[in-house]
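Understanding the architecture of this molecule
Spelled out from the first residue to the last, the chains are:
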Amino acid sequence: QVQLVESGGGLVQAGGSLRLSCAASGRTFSSYAMGWFRQAPGKEREFVAAISWSGGSTYYADSVKGRFTISRDNAKNTVYLQMNSLKPEDTAVYYCAAERRGGYYYQFEYDYWGQGTQVTVSS
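Just so it is clear, the structure is predicted and the values come from calculations on it, not from any experiment.

1. Comments concerning the pattern of salt bridges
Applying the stated criterion to the full structure yields six salt bridges. For arginine 67, the salt bridge identified is with aspartate 90, shortest N-O distance 2.8 Å. Here aspartate 90 lies in the loop between strand E8 (78-83) and strand E9 (92-99) and arginine 67 lies in the loop between strand E6 (58-60) and strand E7 (68-73), a separation of 23 residues in the sequence. Exposure class is identical for arginine 67 and aspartate 90. Each is buried. Arginine 101 is the partner of glutamate 109 in a salt bridge, and the nearest nitrogen-oxygen pair spans 2.9 Å. Via salt bridges that share partners, Arg38, Glu46, Arg67 and Asp90 belong to a single interconnected network.

2. So, the state of the cysteines
Under the defined criterion, the tally for this structure stands at one disulfide. Between the sulfur of cysteine 22 and that of cysteine 96 lies a disulfide, 1.9 Å long from S to S. Between cysteine 22 and cysteine 96 the sulfur-sulfur dihedral comes to about 45°; the bridge is accordingly right-handed. Of this pair, cysteine 22 sits in strand E3 (residues 18-24) while cysteine 96 sits in strand E9, placing them 74 residues apart in sequence.

3. What to know about the pairing of strand E1 (residues 4-7)
Both faces of the sheet carry side chains from a regular strand, because those side chains alternate between them. Along E1, the buried face is formed by Leu4 and Glu6; none of Val5 and Ser7, which line the opposite face, is buried. As paired elements, E1 and E3 share four bridges and run antiparallel to each other. Within E3, the residue paired with valine 5 across the bridge is alanine 23.

4. Re the side chain of arginine 67
The exposure class assigned to arginine 67 is buried, which follows from its relative accessible area of 11%. Apart from the residues within four sequence positions on either side, arginine 67 is in contact with Gln82, Met83, Asn84, Ser85, Leu86, Lys87 and Asp90.

5. Some remarks on the environment of glutamine 3
In this structure, glutamine 3 sits in the segment before E1. Classification of glutamine 3 by relative accessible area gives exposed; the value is 53%. When the C-alpha atoms of glutamine 3 and alanine 98 are compared, they prove to be 9.3 Å apart, with 95 residues separating the residues in sequence.

Conventions and cut-offs
Residues numbered from 1 in each chain as written. Predicted model: local features only at pLDDT ≥ 70, side-chain atom pairs only at ≥ 80, totals over all residues. Heavy atoms only, no water. Salt bridge = Lys/Arg side-chain N within 4 Å of Asp/Glu carboxyl O. Helix = DSSP H or I, 4+ residues; strand = E, 2+ residues; numbered from the N terminus. Buried < 20%, exposed > 50% of the residue type's maximum accessible area, 1.4 Å probe, protein only. Disulfide = S-S within 2.5 Å. Pairing = 2+ DSSP bridges. Contact = heavy atoms within 4.5 Å.

As structure tokens, this is what we get:
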């Protein structure tokens, strides 16, 4: 069992930056790939970024590539999402999730989810 708690969301102006954190419980964190997803009002939840268990491979949605960076610290059981050059269309609830099957992009592959953190980007 893995419990995930996101933090770091907030209100920021367009062009600004935020760093989200996702703290995981349990001693098996390093065996899980981790992903970030987001859901904007009235829209489906969508993939944002993912990172392999070792941190050696990362994956991004086209909409965030070059602006967002996912990383992890297995010693701290934490995964991060550094978000730069934020746009109003990045406004959403951001969720972190954990999976072991290497699905990365696909929500149904993820076994555990956090409660989400709100990111609001004003224009």
